[in-house]
Amino acid sequence: MLPYIGSGDYCFANSLHMSLLGSGAPPESLPPTGFLECLTTLPFGYTYFKEAELFFFSGPNPDLGLTRAIETLGWTCTLERGGDEGEALARLCAAVQHGSVLIGPLNMGYLTYNPNHPYLLGADYYIVVLTMEEDHVLVHDPKGFPCIALPVENLLKAWRAEGVDLVYTDEPYTMRTAFRSREASNWKQMIERTLPHIRANLRQELWKPGLYGGVTVLRMLAQTFRTQVPEKLAVHLFYFALPLGLRHKVDAQLFLREANQSEAADLIEEQARLLGQAQYIGVQRSWPEVATLIEQVATLEERLIAIFQP
């Protein structure tokens with residue numbers, strides 16, 4: 001399948017890519033963002049936060065995923081979080097003197113330069129802080145907002161990450177700084193380091209209490225579309241989670257072809273085609289047809305898991 005080039009919600013990989021460039025990484029040494037996203041292992045697996053009526057065609061923990069990707073690339077960084085807002089601001093102020101800073105998770109509802117921010121309350125996000133002035137920071141937001149000013153007051157509200165629907169860290173004010181290359185890694189080495197995590201993601205059926213994964217949640221989602229579809233779930237899926245999931249599928253099959261896993265790549269490519277149909281049909285609100293397509297994706301997922309049996 002042809003690689004996808006265009007806009008999309010890859011804030012983790014895009015912010016990491018910018019941070020590495022800002023730390024002196026030669027552009028030609030860095031993989032494209034689709035490959036970086038696969039190094040986080042987020043494109044592999046599923047997450048259903050049933051209580052919040054949120055479904056993701058991905059793993060649930062970008063914080064862990066970023067750490068995995070940085071290590072797999074052969075880089076290291078300083079990871080800091082917690083404390084009160086004064087301590088967080090002091091750390092940020094010191095860090096930006098030496099380079100850009102990757103911060104997140106953030107609550108997107110407080111990123112007030114985005115005209116849609118009132119509708120994004122509770123969504124998690126990552127951005128890159130470039131400089132810090134007396135009353136604002138200058139940031140690169142990978143969702144189409146380069147070199148944007150954000151009042152410090154709003155930054156702190158976002159950075160606390162309170163009210164984020166999908167919580168994967170218990171502490172506020174997470175930031176990554178001082179990115180340094182530790183060892184040169186080629187694509188083959190990166191792929192070999194990532195495959196065991198992919199295998200684990202595909203088989204994971206319970207991430208933590210209330211947060212489910214694995215092929216089981218695809219069956220649960222299909223059943224939801226055969227009964228009563230909550231409006232919140234429908235909006236979340238067809239405005240955000242499914243388009244993002246489709247891009248994950250396209251990049252995942254390319255990654256697995258690089259890994260000489262052609263059978264697995266073919267299965268994921270077929271899942272992408274089915275989910276692409278589901279996106280169109282879902283916007284038309286033809287729920288039974290969406291259910292049928294999701295069930296077909298689940299059947300392919302079972303075959304994929306069998307390929308990755310240890």
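Looking at an unreviewed UniProt entry, one finds the protein chain named Peptidase and attributed to Dictyobacter formicarum.

Caption draft 1: Up close: the confidence of the model for the protein chain. Looking at the protein chain, the pLDDT average stands at 93 and 99% of residues meet or exceed 70. Looking across the protein chain, the model is least confident in strand 9 (residues 206–208), with a mean pLDDT of 78, and most confident in helix 9 (residues 262–283), with 98.

Caption draft 2: Broad picture of the sheet that holds strand 9. Strand order in this open sheet of 4 strands is 2-1-10-9, and the pairing throughout is antiparallel. Two strands in the sheet have a free side with no partner beyond their single neighbour: strand 2 (54–56) and strand 9. This sheet shows a mean twist of 20 degrees between the axes of neighbouring strands, independent of strand direction. Sheet analysis places strand 9 next to strand 10 (residues 211–213), joined by 2 bridges and oriented antiparallel. Each bridged residue has a counterpart across the sheet, and for K208 the counterpart in strand 10 is L211. Contacts from helix 7 (residues 215–226) reach strand 1 (47–49), strand 2 and strand 10, with the element oriented near 105 degrees to strand 10.

Caption draft 3: Inspection of the side chain of D251 at higher detail. Relative to the elements of secondary structure, D251 occurs in helix 8 (residues 231–258). Of the residues examined, D251 reaches a relative accessible area of 9% and is grouped as buried. Of the polar contacts made by the side chain of D251, one reaches the side chain of Y10; its length is 2.7 Å. Ignoring any residue separated from it by four or fewer positions in sequence, one finds D251 in contact with Y10, G34 and C38.

Caption draft 4: Region of the structure containing the packing of aromatic side chains. Using the criterion set out here, one finds 13 aromatic pairs in the structure. When the ring of F55 is compared with that of F57, the centres are 5.0 Å apart and the planes differ by 65 degrees; the resulting orientation is edge-to-face. Here F55 and F57 have matching classes, each one buried. Their ring planes at 15 degrees and their centres at 6.0 Å tell us that F238 and W287 sit as a pair that is stacked. Of this pair, F238 sits in helix 8 while W287 sits in helix 10 (residues 287–307), and the two are 49 residues apart along the sequence. W287 gets classed as buried once you look at its relative accessible area, which sits at 16%. Ring-pair connections join several aromatic residues into one group, and the members of that group are F35, F44, W187 and F255. The positively charged end of R247 is found above the aromatic ring belonging to Y10, 4.3 Å away from the centroid.

Caption draft 5: Inspection of the environment of C38 at higher detail. Looking at the secondary structure, you find C38 in helix 2 (residues 33–39). With relative accessibility at 0%, the residue C38 sits in the buried group. When the C-alpha atoms of C38 and L254 are compared, they prove to be 9.6 Å apart, with 216 residues separating the residues in sequence. When near neighbours in sequence (up to four residues on either side) are disregarded, C38 contacts P43, F44, T194, D251, A252 and F255.

Caption draft 6: Fine view of the nonpolar core. The biggest cluster of nonpolar side chains holds 96 residues, and the ones touching the most others in it are F55 and F57. Ranked by the residues each element gives to this core, the list is headed by helix 8, at 11 residues. Residues within four places of F57 in sequence aside, it is in contact with L42, G45, Y46, L218, L221, L237, A241, L242, G245, H248, L275 and I294. Residues A52, L54, F56 and L211 belong to the second largest nonpolar core, which totals 5 residues.

Conventions used here
- Residues numbered from 1 in each chain as written.
- Predicted model: local features only at pLDDT ≥ 70, side-chain atom pairs only at ≥ 80, totals over all residues.
- Heavy atoms only, no water.
- pLDDT = per-residue confidence, 0-100.
- Helix = DSSP H or I, 4+ residues; strand = E, 2+ residues; numbered from the N terminus.
- Pairing = 2+ DSSP bridges.
- Axes fitted to C-alpha atoms, helices over the stretch in contact; angles between N-to-C directions.
- Contact = heavy atoms within 4.5 Å.
- Buried < 20%, exposed > 50% of the residue type's maximum accessible area, 1.4 Å probe, protein only.
- Polar contact = N/O pair within 3.5 Å; in protein donor to acceptor, adjacent residues only side chain to side chain.
- Phe/Tyr/Trp six-rings, centres within 6.5 Å; stacked < 30°, edge-to-face > 60°.
- Lys NZ or Arg CZ within 6 Å of the ring centre and 35° of its normal.
- Core = buried A, V, L, I, M, F, W, Y, C linked by side-chain atoms within 4.5 Å.

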